[in-house]
Every structure is written in structure tokens, then in C-alpha cells.
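If you want the building blocks of each chain, they are given just below.
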Amino acid sequence: MNNRGREEAEYKVKKEREVKMKIKINGSIAKLGIGLIALSAAFAASADTLDDLRKKGYATVAVANEPPYSDIKADGYVTGAAPDVARAVMAKLGVPEIDAKVIMYGAMIPALQARRVDMATSGLYIKPKRCESIIYSEPDLCGAEAFAVAVGNPLNIMTYEDIAANPDALMTTCAGCAEEAYALERGVKPSQIKVFTDPPSGIKMLQQGRVNVFALSGLGTQDLLRKTNDPNLELVMPVTGVPMGCAGAAFNANDTAFRDAYDAALKELKDSGEFAKIIEPYGFSAAATLAVKRDDFCPGN
């Protein structure tokens, strides 16, 4: 190949490299642009959620049918300590109504992440693992844990460790709720846990002898036993070795502006004394809730 031929070949290779470099740079810029657009959309969603709810006039709220946290009446109206607090807070924020959707505890976080609901307010305890996926308001309800057992407590079940130590003992609770986690953390085997579809069906399992222990929140278990009115069942409360559980309203992780506004209105409710008037008739202690903060359970959430 003569000198001219080599120069033409080298020039051609150089131009091909320049074209590839431009394509690579332009592609990177395009990807960066898409990423920035997505990030901007996430922040916009956070800032616009409350404005959107004000325009609609209502918020879609996930609840579980677990009195006294939340209670669905025969006509479909949802009441209970958690929805009543949420209604009062949202009214202060200019959203006059809530549209409650009954969702199992284990499905609430996916519903928030997919924005099928705007918030969840039904005794969803503030837990570090949950705080990896969602954000919470300041605590709104706190309470002890409880068991329901056969009268006389024949297996002497006072703790989750007692269940773990007896391979023949079976318990029931809801899928994805705090009580399931408490049990597994304390050595109860998954095979010892029978998940109920709703609290009344869990009590039915206990009455039928299919399980030895029904586990749920203290006030929820107490309320259920009162309504069941079965002299063959008794309450074990508090459950030793389990911390007091505290719940808060839960939000999509991008809705920080909405959550912060909710916190401010919730504080007004607490400071005015209206908060205590809402929750104490349901058996909850306002003083217990006022004594704790979200950072006690999930620092920096």
C-alpha cells in the first residue's frame, strides 16, 4: 500500500472512531436526561399529592378490619381510632373525605408503592424493615400485645418463646402483621403459624381447637373476645418480652411533602386535646402515644 492509501485508511478509521464516540456520548446524555426526568417526576409526585387530593376532595386510605383500630360498619362506613384520626387530620389539610379500602396488612405496603392508595391508617406498626419501603407519620396509636387462649391456659402460653419451646403448640395471626414477625424472631417455626383471613376466623380456629393461641394487638384481641363472648376463652395481656407497638399513618416513600404536612396537622390535633378525645373512647392511651416519636422506631424515616 502506498503512502496515500495508508493515509486514506487511517483517516477512515479515525472518522469511524469519532462517530462511535459521538453515539456513545449522545446515548449517555439521553440516559442522563431520562434519569433526571424520572427523578423530577418523583419529586413532583411528592409535592403534588396533597394538592391533587384537595382537588378531588378525598383520599383513598388502606384499612384493615381490626377493631378498635378500624371497624367497618354494616352500611360500609369505616370508623375506628385510626380512620377517625386520619379524617380529622385530613380535614385540617383541606381534604374533607376519606375513601377506605380494606386491605390485608401484608398487602398495604405494595398498595402504597403502586399508588393504589394514598395512605394507610389502620394500626400498621412502625418497624425498621417497613421503613425501608415506606415513610410514616409521627405515632398515632400505641398499645400492648395480647394472646387469646383456651380458658385456664392449658399450655401455659405467656410468651412467644413458650410457643417456640413447645413443638406441638400452634398459633394463628395475620399474614405480614407485627405478631407474625414477633413470633418468627423469637423462634416460633413457620409450621407452627396458621394464618387467618380475618380476626373472627382466627378466633373460630381457636374455638375449634385447630390452634392453641390467637395473637394480635392487645385492644384488638380484647375487643374480639368481648364481642365473641365465649366463656371458654381467656385473654393473656400483655405478652411478656414484646415491646409496646406504635402505629402511624403510612405513605409512599416519595410523598415526603404530604407526610410532613400530615405531621404538622397531627401535632395541632394532639396539642389541642382533640386527639385524646378521638382515641381514648376506643381504649387507647393518648399519653402513651404522646410519649414516643417516630425516630424511636425508625430514625431518619
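Structure first, text after, so check above.
In this report, the structure presented in the accompanying data block is examined. These numbers were taken from a predicted model, which means no experiment stands behind them. (Residues numbered from 1 in each chain as written. Predicted model: local features only at pLDDT ≥ 70, side-chain atom pairs only at ≥ 80, totals over all residues. Heavy atoms only, no water.)

A look at the packing of helix α2 (residues 81-92) against helix α9 (residues 256-272)
Part 1 of the argument: α9 packs onto α2 with a crossing angle of 105 degrees between their chain directions and a minimal axis gap of 9 Å. When the axis of α2 is compared with that of α9, the two are roughly perpendicular. Contacts from Val-85, Ala-86, Ala-88, Val-89, Met-90 and Lys-92 in α2 reach Phe-258, Tyr-262, Ala-265, Leu-266, Glu-268 and Leu-269 in α9.
Part 2 of the argument: The residue makeup of the contact of α2 with α9, split by class, is 10 nonpolar, no polar and two charged. (Axes fitted to C-alpha atoms, helices over the stretch in contact; angles between N-to-C directions. Helix = DSSP H or I, 4+ residues; strand = E, 2+ residues; numbered from the N terminus. Parallel < 35°, antiparallel > 145°, perpendicular 65-115°, else oblique. Contact = heavy atoms within 4.5 Å. Nonpolar A, V, L, I, M, F, W, Y, C, P; charged D, E, K, R; others polar.)

Quick word on the packing of aromatic side chains
How two aromatic rings sit relative to each other is set out by the distance from centre to centre and by the angle between their planes.
Part 1 of the argument: Counting across every chain of the model gives six aromatic pairs.
Part 2 of the argument: Aromatic side chains Phe-251 and Phe-258 sit 4.9 Å apart centroid to centroid with 75 degrees between the ring planes, which places their arrangement in the edge-to-face category. Across the pair, Phe-258 and Phe-251 agree in class, each one buried.
Part 3 of the argument: Their ring planes at 70 degrees and their centres at 5.4 Å tell us that Phe-251 and Tyr-262 sit as a pair that is edge-to-face. Taken together, the residues span a long stretch of sequence, with Phe-251 in strand β14 (residues 250-252) and Tyr-262 in helix α9 at a distance of 11 residues. (Phe/Tyr/Trp six-rings, centres within 6.5 Å; stacked < 30°, edge-to-face > 60°. Buried < 20%, exposed > 50% of the residue type's maximum accessible area, 1.4 Å probe, protein only.)

Side note on the nonpolar core
Part 1 of the argument: Residues Met-90, Phe-147, Tyr-160 and Tyr-262 are the most contacted members of the largest nonpolar core, which totals 52 residues.
Part 2 of the argument: The dominant element in this core, judged by the number of residues it contributes, is α2, at seven residues.
Part 3 of the argument: Excluding anything up to four places from it in sequence, Tyr-262 contacts Val-85, Ala-86, Val-89, Met-90, Leu-93, Met-119, Ser-137, Ala-249 and Phe-251.
Part 4 of the argument: Counting 30 residues, the second largest nonpolar core, distinct from the first, contains Ala-111, Ile-126, Ala-148 and Phe-196. (Core = buried A, V, L, I, M, F, W, Y, C linked by side-chain atoms within 4.5 Å.)

Some thoughts on the state of the cysteines
Part 1 of the argument: Counted according to the given criterion, the structure contains three disulfides.
Part 2 of the argument: Cys-131 shares a disulfide with Cys-298; S-S distance 2.1 Å. With the S-S dihedral at roughly 90 degrees, the linkage between Cys-131 and Cys-298 falls on the right-handed side. Here Cys-131 is found in helix α4 (residues 128-131), whereas its partner Cys-298 is found in the segment after α11 (286-290), with 167 residues between them in sequence.
Part 3 of the argument: Under the relative-accessibility criterion, Cys-131 is labelled buried at 15%.
Part 4 of the argument: There is a disulfide in this structure between Cys-174 and Cys-177, and the S-S distance comes to 2.4 Å. Because the sign of the S-S torsion sets the handedness, a value of about 130 degrees for the bond joining Cys-174 and Cys-177 places this disulfide among the right-handed ones.
Part 5 of the argument: By sequence order of its bonded cysteines, the protein chain has the disulfide arrangement 1-6, 2-5, 3-4. (Disulfide = S-S within 2.5 Å.)

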